[in-house]
Every structure is written in structure tokens, then in C-alpha cells.
Amino acid sequence: MHQVSETAKTETTRSAEAIVESASFKQLMREKNTFILPAIVFCLIFYFTLPIMTSYFTFLNRPLLGDITGAWLFAFLQFIMTWTFCTLYNKKARSFDRLVEQIKEESR
């Protein structure tokens, strides 16, 4: 790969670098990471808990509501968790969009 010298950088490159270094962009990335990373970790742990628990433990095999076992209830809760996460992200994305608009205004 060839090296790009400082003099060969275009105005667009300089503009992008200025945006990435701006306080608003750093705030956007900080807020997104603060929300998304814990949510992903929680979702992955919640998702993989069901196959692990059904493989190594038997307490989810007991009926809880009639013939419905704990495994079925846990699986149903995964749908609720997914819908809840999508709803929360949709609401949080509005604040991300406001920050993006602010960044756009500052870069003009």
C-alpha cells in the first residue's frame, strides 16, 4: 500500500478528521457505546443461558403453568427481551440522531 503524505490529503479527509476529533462526535460515540455494549452483553448472556441451562440442569424441565415448562417460558422471554431491546434502541436512536444533526451543523 502506498503512503499518503500530509500534502496529498484532500479537504474531505481533513474535514472527516476534524469531525472525528470534535467533542460532539466523541460524545456521540461515548453515548452509543454506553448503551449498545451493555445491551449486547446482556442479550448474549440471556440468549446463551437457555441452551446451557437445558443442557446441564433439569430444573427448567419442570412444568410451571400446566404443561408449559420453564424452558418454554424462558424461550418466550427471549422474544420479549428482543422486542424490549428494539424499542429501547429505537427511542435511544432519536438522541443519537440529534447528536448527528449537531455534528453536521458544526462541520459546515
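Here is a short report on the structure shown in this document. Small disclaimer: the values here were computed from a predicted structure and weren't measured.

1. What about the packing of aromatic side chains?
Item 1. The tally for this structure, following the rule as stated, stands at eight aromatic pairs.
Item 2. Geometrically, the ring pair formed by phenylalanine 46 and phenylalanine 74 is stacked, given 4.9 Å between the ring centres and 20° between the ring planes. Here phenylalanine 46 is found in helix 2 (residues 23-56), whereas its partner phenylalanine 74 is found in helix 3 (residues 70-107), with 28 residues between them in sequence. Phenylalanine 74 shares its class with phenylalanine 46; the two are buried.
Item 3. The interplanar angle of 80° and the centroid separation of 5.0 Å between the aromatic rings of tyrosine 47 and phenylalanine 48 together place this pair among those described as edge-to-face.
Item 4. By relative accessible area, tyrosine 47 is classed as partly exposed at 47%.
Item 5. Aromatic ring contacts, followed pair by pair, group Phe35, Phe85, Tyr89 and Phe96 into a single cluster.

2. Things to note about the pattern of salt bridges
Item 1. For the coordinates displayed, the defined rule picks out one salt bridge.
Item 2. The partner of lysine 104 in a salt bridge is glutamate 101, and the shortest N-O contact between them spans 3.5 Å. Taken together, the positions of lysine 104 and glutamate 101, both in helix 3 and three residues apart, correspond to about one turn of that helix.
Item 3. You can call lysine 104 partly exposed: its relative accessible area is 39%.
Item 4. Given the relative accessible area of 41%, glutamate 101 is considered partly exposed.

3. A short note on the environment of leucine 77
Item 1. Its location among the elements puts leucine 77 in helix 3.
Item 2. Under the relative-accessibility criterion, leucine 77 is labelled partly exposed at 41%.
Item 3. Separated by 31 residues in sequence, leucine 77 and phenylalanine 46 have C-alpha atoms that sit 9.4 Å apart.

4. Here's the deal with the side chain of serine 24
Item 1. Checked against the element boundaries, serine 24 lands in helix 2.
Item 2. Here glutamate 106 takes part through its side chain, which lies 2.8 Å from a polar atom of the side chain of serine 24.
Item 3. Setting aside residues up to four positions removed in sequence, serine 24 forms contacts with Gln102, Ile103 and Glu106.

Calculation notes
Residues numbered from 1 in each chain as written. Predicted model: local features only at pLDDT ≥ 70, side-chain atom pairs only at ≥ 80, totals over all residues. Heavy atoms only, no water. Phe/Tyr/Trp six-rings, centres within 6.5 Å; stacked < 30°, edge-to-face > 60°. Helix = DSSP H or I, 4+ residues; strand = E, 2+ residues; numbered from the N terminus. Buried < 20%, exposed > 50% of the residue type's maximum accessible area, 1.4 Å probe, protein only. Salt bridge = Lys/Arg side-chain N within 4 Å of Asp/Glu carboxyl O. Polar contact = N/O pair within 3.5 Å; in protein donor to acceptor, adjacent residues only side chain to side chain. Contact = heavy atoms within 4.5 Å.

Honestly, that's just the spatial picture; any functional story needs more than this.
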